[in-house]
Amino acid sequence: MASRFNPLKADAAWQKAWDDNRTFAARDDSPKPKSFVLEMFPYPSGRIHMGHVRNYTMGDVLARFRRMRGYEVLHPMGWDAFGMPAENAAMEKKVHPGGWTRANIATMKAQLKRLGFALDWTRELATCDPEYYGQEQAIFLDFYEAGLVYRKESAVNWDPADMTVLANEQVIDGRGWRSGALVERRKLSQWFLKITDFADELLEGVQALEHWPEKVKLMQENWIGKSEGLRFRFALSDGGDVEVFTTRPDTIFGSSFVAVAADHPIAQKLAETSEDAATFIALCKQGGTTAAELETQEKLGFDTGLRAVHPFDPAWQLPVYIANFVLMDYGTGAVFGVPAHDQRDFEFATKYALPIRRVVSDGDQVSPEYHSDEAYTGPGTLVNSHFLDGMDVADAKRAVIRRAEEGGWGSGTTVWRLRDWGVSRQRYWGTPIPFIHCDGCGVVPAPRESLPIVLPEDVSFDIPGNPLDRHPSWKHVDCPQCGAAARRETDTLDTFVDSSWYFIRFASQPRDKPFDKAMAEQWLPVGQYIGGVEHAILHLLYARFFTRALNRIGKLDMTEPFAGLFTQGMVTHETYKSLDGRWLSPEEIRKDSAGAIELSSGDVIDIGRIEKMSKSKKNTVDPEPIVDQYGADAVRWFMLSDSPPERDLEWSENGIEGAWRFVQRLWRLVDGVTDAQGEDKDLDRRLHRTIAGVAEDVEALTFNKSVAKLYELVNAIERAAPSASRSNAIRTLVRIVAPMVPHLAEEAWAQMGNTGLVADAPWPEVDPALLVDDEVTIAVQINGKLRDTLVMPKGADREIVEAAAMASDKVVRQLEGKAPRKVIVVPDRLVNIVA
Ligand code: ANZ
Ligand code: ZN
């Protein structure tokens, strides 16, 4: 009379037991080796989504597994709680951002608990708590004292109708999202962090991270963007000169024009006397300035009439253009164009009928005539280039740089794509920047005793703009230096600052400082960090910068915060569209053999592509009702089972039902366990191979592989006849599955009469002797052709193997009574009979 596993009862009971026992509270003073497992903390947007469930399940399995392996595990959770959505909610729903955020945190915390995650809730933090952001203000002052913080004029999006600064995401097609007015760029004095001071070490550091995905390392490298090149001056026909920067000095003999940015002094000067130039410059400024926009927009130029002299040939003159694809704040704001070997230059030259000359050959073509519809940017040999002919690109670069330096007209340099980090936001819901503006003293740091500088609660969102700025009293303070009436800074910090050090605060949270150095170093670096690839650049770079900056000022003795990084794939789902083009949610349709049917209309509709779950496509599935229906363990199991963790996982009804059935199969096994006699060597071996294999897979985060191994073990146990081995396998199985389906495992563990919690039980020991097979399959060939196979004891003597092969019915029939000419035996593998 098999019973069913009832997750409704079991989940709650075991979650309470873990809570009551403080099972997952990490002990700072534990003598065990320490392990820090961290998933990127969520933004409290309202409810947990499937992406969270997948992310946190993976981290949870690793955290639980490492506990069983004898580590003191720190697996904390918190909330990235500042940011725009709370202010948007405040404007739309007339709620306070704080109230909205805290209500969301309460909901999402309950949802995480419902999934049974092994989290240390005693260390929970929210970045919107003054206890947190006050310490962040202290770090900001530390950085300021160390010269890592400065102010600079910088452009913001200005909405002239609402009279306010807009965040980038509030600018839609160049217009303010509320007013619809055309957004202008305005210069404001803003706060910056000197991340460029660390460009070199951030680049070198990321290359040394062995347990990071290559693609993320590459994304970081590209973002930092180190290029080695040459700066040099072209003499101009008006007696002046123009300095350019190039990363391809080797292509110098392929140049056919020089181009400067619209903001370049040469362009600006020309605009004073030429109306056409001024008009062209104004046109350039309308376009976007992001790299992506520059790549795609039409390349436009304005001929200045100036001519530049080629550095290797005084008779060779190049036209000088103002061009919209040249940026003022990169390199020198001026370039020479090589159409055959740079795509932007190619498009430009095609439009303005400038020469396109081949100077790098991939081997096939060497003539200067270039016939292709795109530039060739690959490696090759220099051609049509005088003293460079025959060199490869790298040698030619060095040769030109050497000549330029020897001739005194240029020098080899390094430039970085990375810019300093502008952290000012003209918003309410963020960490107030701890500075005071005094008419007499200038910008003065807030006194340490005044921290935390707390956000005022009584703010209004009924009119646009920054509520901190128009609050009647908040900003009015006395100057800490001269005592005169002064004003608080009303900018708040970019929320990426909040997430740049939360992992340190998890490791140590004293009341009187951001963290305790020795305590933090006990836990850090994070051993395994898990999160979405959408954070592969900025968040990780900023957190790495913070760690290095804290190191430089002596507050933390380490350079890299995350030793291991894993970026998981997304959770996807089919999409559905009605006949008139509306997205439909899974609840609005029914599937049958004809396809999908819209419930309200009865129309047969198209099943769309499988895409990342998103509200806009209405293809999300809310985890909560699924957990209520199937229990936490089935949901967890499905999250781990179907695809490799770095790939996308398609949510499906079939998938979750399969997981549910497996959970029940597991339960029937453990529920029916009896003691029996006898040995089953095969099953023993399979069990031990599974223990070892699952351990390896969990450490490598290849959960789908461990799931496959567990299916095989369960199949084998189900097929096996009763024996002591079988009972042992079932009892051991409970511990192997405990990290993945912890509620069922606890229930089974207790029912089998064990004391304590399975969460506290050690991971089963592997008997190495059982990992080696003692039988091998040997191929028997005649003249190289496979005729039979033999199953023999491992390491059997040659003579025994040869005799067995010669006795095989198939061999006897093939040889037709003749003696073989020769028999070759490869131990444990092969017998080849030469007839
Ligand atoms: C000549 C040349 C020939 C170039 C060639 C490329 C290919 P990265 O590698 O990203 O640093 N460049 C320099 N300053 C620029 C600016 N302010 N705005 C737009 N483009 C600029 O890019 C360096 C290359 O980008 C430089 O090398 C320059 O074009 C261009 F076959 O010089 B190159
Ligand atoms: Zn003052």
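Colleague: If you had to explain the coordination of the zinc ion (ligand 2) to someone new, which residues and values would you point to?
Modeller: Bound to the zinc ion (ligand 2) are the protein donor atoms Cys438 (SG), Cys441 (SG), Cys479 (SG) and Cys482 (SG), situated 2.2 to 2.4 Å from the metal. In this structure, the zinc ion (ligand 2) is surrounded by 4 donor atoms whose angles at the metal cover 106 to 115 degrees, and the resulting shape is tetrahedral. Each donor residue of the zinc ion (ligand 2) belongs to the same chain, and together they define the spacing C-x2-C-x37-C-x2-C. One end of the pair, Cys441, is in the loop between β21 (435-438) and β22 (442-445); the other, Cys482, is in the loop between β23 (476-478) and β24 (485-488), and 41 residues separate them in sequence. According to the relative accessible area criterion, Cys441 is partly exposed, its value standing at 31%. Look at Cys482 and you get partly exposed, because its relative accessible area is 45%.

Colleague: Please provide a residue-by-residue account of the packing of helix α2 (residues 50-68) against helix α19 (residues 632-641), values included.
Modeller: Here α2 crosses α19 at 90 degrees, and the two axes come no closer than 9 Å. Our classification of the angle between α2 and α19 gives roughly perpendicular. Residues Met50, Val53, Arg54, Thr57, Met58, Asp60, Val61 and Arg64 of α2 form the contact with α19, whose participating residues are Val635, Arg636, Met639 and Leu640. Residue composition of the contact of α2 with α19, grouped by class: 7 nonpolar, 1 polar and 4 charged.

Colleague: Before we move on, can you summarise the pairing of strand β26 (residues 528-532) with the specific residues and values?
Modeller: Taking burial as the measure, the 5 residues of β26 include 5 buried ones, the bulk of the element. Where strand β1 (residues 34-39) meets β26, 3 bridges bridge the pair, whose relative direction is parallel. By the bridge assignment for β26, Glu39 is matched with Ile530. Pairing analysis gives 4 bridges linking β26 to strand β27 (residues 565-568), with the strands arranged parallel. Counterpart to Ile530 in the pairing with β27 is Phe566. Taking the sense of rotation as the criterion, the β-α-β connection linking β26, helix α17 (residues 538-552) and β27 turns out right-handed.

Colleague: Quick one: what's the story with a positive patch on the surface, residue by residue and with numbers?
Modeller: Among the surface-exposed residues, Lys152, Lys187, Arg417 and Arg419 lie close enough to one another that they form a single positively charged patch. Within the element layout of this structure, Arg419 appears in the loop between β18 (410-416) and β19 (421-422). Of the residues examined, Arg419 reaches a relative accessible area of 39% and is grouped as partly exposed.

Colleague: Explain unusual backbone geometry residue by residue, including any values.
Modeller: A cis amide bond, omega -5 degrees, links Leu451 with the succeeding residue Pro452. Counting through the fold element by element, Pro452 comes out in the loop between β22 and α13 (467-470). Of note, the bond from Leu524 into Pro525 is cis; its omega dihedral lies within 30 degrees of zero at -5 degrees. Its location among the elements puts Pro525 in the loop between α16 (517-523) and β26. Phi at His386 is positive, roughly 55 degrees, even though this residue is not glycine. Among the secondary structure elements, His386 is positioned in the loop between β17 (381-382) and α12 (393-407).

Colleague: Please give an account of the sheet that holds strand β36 (residues 822-826) that cites residues and values.
Modeller: Spatial ordering of the open sheet is given by β35-β34-β37-β36, a layout of 4 strands whose pairing is mixed. Edge positions in the sheet fall to β35 (785-793) and β36, since each has one partner strand and no second. Strand after strand, the sheet turns through a mean of 20 degrees between neighbouring axes, direction not considered. Where strand β34 (residues 775-782) lies against strand β37 (residues 830-834), 4 bridges are found, and the strand directions are parallel. Opposite Ala779, over in β37, you have Leu830 as the bridge partner.

Rules used in this analysis
Residues numbered from 1 in each chain as written. Chains lettered and ligands numbered in written order. Predicted model: local features only at pLDDT ≥ 70, side-chain atom pairs only at ≥ 80, totals over all residues. Heavy atoms only, no water. Donors = N, O, S within 2.8 Å, 3.2 Å for Na, K, Ca; no water. Tetrahedral: all angles 85-135°; square planar, octahedral: opposite > 155°, others 65-115°. Helix = DSSP H or I, 4+ residues; strand = E, 2+ residues; numbered from the N terminus. Buried < 20%, exposed > 50% of the residue type's maximum accessible area, 1.4 Å probe, protein only. Axes fitted to C-alpha atoms, helices over the stretch in contact; angles between N-to-C directions. Parallel < 35°, antiparallel > 145°, perpendicular 65-115°, else oblique. Contact = heavy atoms within 4.5 Å. Nonpolar A, V, L, I, M, F, W, Y, C, P; charged D, E, K, R; others polar. Pairing = 2+ DSSP bridges. Right-handed = clockwise from strand over helix to strand, strands pointing away. Patch = residues over 30% accessible without salt bridge, like charges linked within 9 Å, V, L, I, M, F, W, Y side chains within 5 Å. Areas by Shrake-Rupley, 256 points an atom, 1.4 Å probe, with all protein chains shown as cover. Salt bridge = Lys/Arg side-chain N within 4 Å of Asp/Glu carboxyl O. Lys, Arg positive; Asp, Glu negative; His and termini not counted. Charge placed at Lys NZ, Arg CZ, Asp CG, Glu CD.

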